[in-house]
Amino acid sequence: MNFTDWMKLSQYGVFDKFYQNFNFKILEHPKHPSIFFRGTAKNPILFVAHADIVGLTNGVAPMEAGGIISSSRKGANIGADDRAGCKALYNLLERTQEHSVLIVSDEEIGCLGSSVVADQYKDELSGHCFAVQLDRRGSHDLVYYDCGNNEFRDYMGKWFPKYAEAQGSVSDISMLCPALDIAGVNISIGYYNEHTDREVLHLNEWHRTYHGILNLAKETEHTLFDYQEENSWDRYFPSANRV
């Protein structure tokens, strides 16, 4: 399935695509289910994306030209947030199944799917070394939210040397990482102007991040990094001398 067809899927169409082709388990909930694939590594990475999008009044209408996917009509978007992340993790599973993949529902209306997972499925998702979400705009951001594990930040910086730390508000790993006691990062996946009819996906930037996570996934024994709450003072005044 090409990129534009992938973006036209419904949330449950995305779930079905993963479920029918890989050994996913349904994390049941009457309103906000998710699906989970357990990797074969001893302490796998937990890769995360969300299946829902923000729909506009004129639907989803992706078209590709010159290495960029954009909307083909006014009032429609392309759903790259976060179908770009879902597509990357689908392609990853086609190459290797040593690490875990979690696809959650309803991130766009308050991280409701990941909140259910964090509350009801902690045991199911135990035993991961850290989490990597693919749901960040732009080309080279590494967003850690309230996770203040500096050793993990250094570790990810070595794997993604051309990327830089950036600030973000909230996403699914904000719910998952504290509950699972693992560090986590959200990585740029190449989309811009999300939730508008000016949304675009730069495929060269998508490919760069995809190949970065593929290289990360080829390593089967990663360091385990716990979740350490970041002090907001440290975020805004990292070099301050406090007594």
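Residues numbered from 1 in each chain as written. Predicted model: local features only at pLDDT ≥ 70, side-chain atom pairs only at ≥ 80, totals over all residues. Heavy atoms only, no water.

S.K.: Please provide a residue-by-residue account of the overall build of the chain, values included.
M.R.: What the chain contains, in helices and strands, is eight helices and 12 strands. Its C-alpha radius of gyration of 17 Å places the chain within 12% of the 18 Å reference for a compact globule of 243 residues. Placing the 22 positive and 33 negative side-chain charges of the chain at their respective mean positions leaves the two points 4 Å apart. (Helix = DSSP H or I, 4+ residues; strand = E, 2+ residues; numbered from the N terminus. Rg over C-alpha atoms; globule rule 2.2 N^0.38 Å. Lys, Arg positive; Asp, Glu negative; His and termini not counted. Charge placed at Lys NZ, Arg CZ, Asp CG, Glu CD.)

S.K.: Help me get a handle on helix 4 (residues 112-120), residues and values and all.
M.R.: Those residues of helix 4 that sit buried are G113, S114, V116, V117 and A118. Those residues of helix 4 hidden inside the fold are in contact with strand 1 (25-27), strand 2 (34-37), strand 6 (100-104) and helix 6 (172-180). (Buried < 20%, exposed > 50% of the residue type's maximum accessible area, 1.4 Å probe, protein only. Contact = heavy atoms within 4.5 Å.)

S.K.: Give me the lowdown on the confidence of the model for the chain, citing residues and values where you can.
M.R.: Taken as a whole, the chain shows an average pLDDT of 93; of its residues, 95% reach a score of 70 or greater. Across residues 239-243, where pLDDT falls below 50, the model places four contacts with residues more than four positions away in sequence or in other chains. (pLDDT = per-residue confidence, 0-100.)

S.K.: Provide a residue-level description of the environment of N204, including the pertinent values.
M.R.: The residue N204 is located in helix 7 (residues 203-218) in this model. Relative accessible area serves as the criterion here: at 55%, N204 is assigned to the exposed category. Spatially, the C-alpha atoms of N204 and I68 are 8.4 Å apart, while their sequence positions differ by 136 residues.

S.K.: Quick one: what's the story with the state of the cysteines, residue by residue and with numbers?
M.R.: Across all of its chains, the model carries zero disulfides by this definition. Left unpaired, C86 is separated from the closest cysteine sulfur, that of C111, by 14 Å. C86 gets classed as buried once you look at its relative accessible area, which sits at 0%. Unpaired in this structure, C111 has its nearest cysteine sulfur neighbour in C177, at a distance of 12 Å. The exposure class assigned to C111 is buried, which follows from its relative accessible area of 3%. (Disulfide = S-S within 2.5 Å.)

S.K.: Requested: an account of the environment of C177, with residues and values cited.
M.R.: Relative to the helices and strands, C177 is located in helix 6. Classification of C177 by relative accessible area gives buried; the value is 2%. Along the primary structure C177 and L142 are separated by 35 residues, whereas in three dimensions their C-alpha atoms are 15 Å apart. Other than its neighbours up to four places away in sequence, C177 contacts A131, I182, A183, G184 and Y227.

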